[in-house]
Amino acid sequence: MSEDVKIIGLKNIPFIKKGDNIAQLIVEGCKKQNISLKDKDIILIAQTIITKSLGRIKHLENIKPSQKAFKIHNKVKPLAEQKKIPVKSPELIQAIIDESKKVLKTEHVIITETKQGFICANAGIDKSNIEGTSNIGLLPKNPDLEAKKIREHLYSLTNKRIGIIITDSFGRPFRNGAVGVALGVSGISPIKDKRGDQDLFGKTLESTIIGQADNLACAAQLIMGEANEGIPVVILRGYNYKFNKKANISSILRNAESDIFREETAQKIDKMLRARRSYKLNFSNQDVKEETIEKCVKLARWAPSAHNSQPWRYTILKKGLIRNNLINSMNEKLRTDLENDGRAEDYIRKKIDKTRTQFLNSPILILLSLDTSDLEKYTDEVRNQNEFILGVQSISASATYFLLALENEGLKACWYCAPLFSRDIVKDILGLPDSFIPMAFFTVGYPEKGEIKAPYRKKLQEIIFDLKKRKA
Ligand SMILES: Cc1cc2nc3c(=O)[nH]c(=O)nc-3n(C[C@H](O)[C@H](O)[C@H](O)COP(=O)(O)O)c2cc1C
């Protein structure tokens, strides 16, 4: 390891214009400062001058904001004003959208994933160090490629193997203060893999990977500065690294799956769909607010339904006499049914006790009914039957939305078919309209115990019916 690292600022780089040759200007700047470049020097170049040399400048007046840009502007403006930070114009927001793969957050700041794959504020668009009040500088389209071009050109001019890092500064999610960051590299790997090395006490390092290009970018920023220091190029000498022609920054960008802070909506939904379980254990004493249930019912309205009939009706049953009376009467009916089936007393008691306890102890019990008055009427029985099935399918879709909405609120639930088997009792005790058919109960509450093991799921091949397997 080398002991001394020198950071030398090149002070003679002129204002950059479109088409300027950065490698050439670096060599001339070195000459003026009496610096001769050496093998394994690292040259760190501020992104702004690359942007200018590429002509990646836009004029805000020439940008026509879209509806989306206005919408984001309207959301961000009051939040930015509250935080006393400059409000971004719809034109600037449009430029940010245009430079981004995805807009990730719109609060007082706008965080996006840029087309280059960086996650940063404002798609890295800069107004500072760009001439003119309405001009903005865009990130180079391919910073790795620009670094490579400069490295190769420098080699042709000096015959020296030099590492190139194009730098910028990004704010950080967990701390105030922007720090140097490498946007593109060539000749030097963005990371230094220390795995397998030994620490001070001889222990083998198992997971240490140093972000060396970002560290070097920070070091360069000490003299590059963010304001009017006017040192856009820094030579870093004495840092020990392996020269690597193939290095690029894209290789270290975390993809959405391995970035745990960037849980995509799709991943969240995926997780929730798998995590929802029919909860049949004890509920905790935590009160379930009626407005939370209403919030979930509100979401359940967004389920698809045949002819958009929305034939679902939710009844919230809190603990109390009516509910107890209902549950007991339903259980008597269940007992009669099971006795008629010839079931043994032991079996009957177990079955009844189980569901009765579940229902009685449920902090909230929801009854889902099908309102047949929402179903279309036909002149023949077959179509009426089909319409009834559509009604059942539709309320099932809503019930699924409801269960997922509950899950999202941290509530647990289980779907029970009992009301279907004692429809008249339910209707009678609750005084439901004639057109209602009680279909399901949902026990709802906060969980007391931990995880429930996921029950078996059929394999994909079992549920995708392959037409090739049909009998001839
Ligand atoms: C239409 C329907 C009726 C159900 N009825 C009952 C029931 O009466 N009693 C019960 O314990 N579970 C009932 N369940 C829950 C299922 O047993 C449960 O969804 C299934 O075992 C899969 O478990 P999971 O929901 O945790 O994935 C019902 C589920 C559905 C969709």
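Here the residue numbering is sequential within each chain, running from 1 through the sequence in written order. The predicted origin of the model limits local features to residues at a pLDDT of at least 70 and limits the giving and counting of side-chain atom pairs to 80 or more, whereas totals for whole chains, interfaces and linings rest on all residues.

*Asks:* In this structure, what is going on with the overall build of the protein chain? I would like to understand it.
*Replies:* What counts as a helix is a DSSP run of H or I of at least four residues, what counts as a strand is a run of E of at least two, and both are numbered from the N terminus. Of the regular secondary structure elements, the protein chain holds 14 helices and 17 strands. Only C-alpha atoms enter the radius of gyration; for comparison, a globular chain is expected to reach 2.2 Å times N to the power 0.38, where N is the number of residues. What you see for the protein chain is a C-alpha radius of gyration of 33 Å, clearly larger than the 23 Å of a compact globule of 472 residues, by over 25%. Each principal axis of the C-alpha distribution contributes one length, and for the protein chain these read about 105 × 60 × 60 Å. Three classes are used. A residue is buried when 20 or more other C-beta atoms lie within 10 Å of its own, exposed when 12 or fewer do, and partly exposed in between, with C-beta atoms placed from the backbone. Looking at the protein chain as a whole, 31% of its 472 residues qualify as buried. Contact between two residues is assigned whenever their backbone-derived C-beta positions fall within 7 Å. Restricting the contact set of the protein chain to residue pairs at least 6 apart, pairs at least 24 apart contribute 69%.

*Asks:* For this particular structure, what's the right way to read unusual backbone geometry?
*Replies:* One can expect most non-glycine residues to show negative phi and most peptide bonds to be in trans. In this structure, Asn34 is a non-glycine residue whose phi angle is positive, near 60 degrees. With respect to the helices and strands, Asn34 occurs in the loop between helix H1 (22-32) and strand S2 (42-46). With 6 C-beta atoms counted inside 10 Å, the residue Asn34 sits in the exposed group. Here Ala123, not a glycine, exhibits a phi torsion of approximately 55 degrees, which is positive.

*Asks:* Help me understand the nonpolar core in this model?
*Replies:* Soluble globular proteins: nonpolar side chains tend toward being buried together. For the purposes of this analysis, a nonpolar core is taken to be any set of buried Ala, Val, Leu, Ile, Met, Phe, Trp, Tyr and Cys residues that are connected through C-beta atoms within 7 Å. Formed by 50 residues in total, the largest nonpolar core has its most connected members in Ile43, Leu44, Ile45, Ile165, Ala182, Val185 and Leu216. Those residues in contact with Ile165, other than ones at most four positions away along the chain, are Ile42, Leu44, Ala147, Ala182, Val185, Ile188, Ala213, Leu216 and Ala217.

*Asks:* Quick question: what am I supposed to make of the packing of helix H8 (residues 290-300) against helix H11 (residues 381-408) here?
*Replies:* Packed helices, taken two at a time, are described by the angle their axes make and the gap between the axes. For every element, the axis is a line fit to its C-alpha atoms; helices are fit only across the contacting stretch, and the angle between N-to-C directions ranges from 0 to 180 degrees. Taken N-terminus to C-terminus, the directions of H8 and H11 make an angle of 140 degrees; their axes are 8 Å apart at the nearest point. Considering their axes alone, H8 and H11 lie oblique with respect to each other. H11 is crossed by H8, and the crossing has right-handed handedness. Contacts from Cys296, Val297, Leu299 and Ala300 of H8 reach H11 at Ser398, Tyr401, Phe402, Ala405 and Leu406. Considering only residue class, the contact of H8 with H11 consists of 8 nonpolar, 1 polar and no charged. What sets the label is the angle itself: under 35 degrees gives roughly parallel, over 145 gives roughly antiparallel, 65 to 115 gives roughly perpendicular, and the rest give oblique. We call a crossing left-handed when the near helix sits turned anticlockwise from the far one by less than a right angle, and right-handed when that turn is clockwise. Charged means Asp, Glu, Lys or Arg here, nonpolar means Ala, Val, Leu, Ile, Met, Phe, Trp, Tyr, Cys or Pro, and polar covers whatever is left, Gly included.

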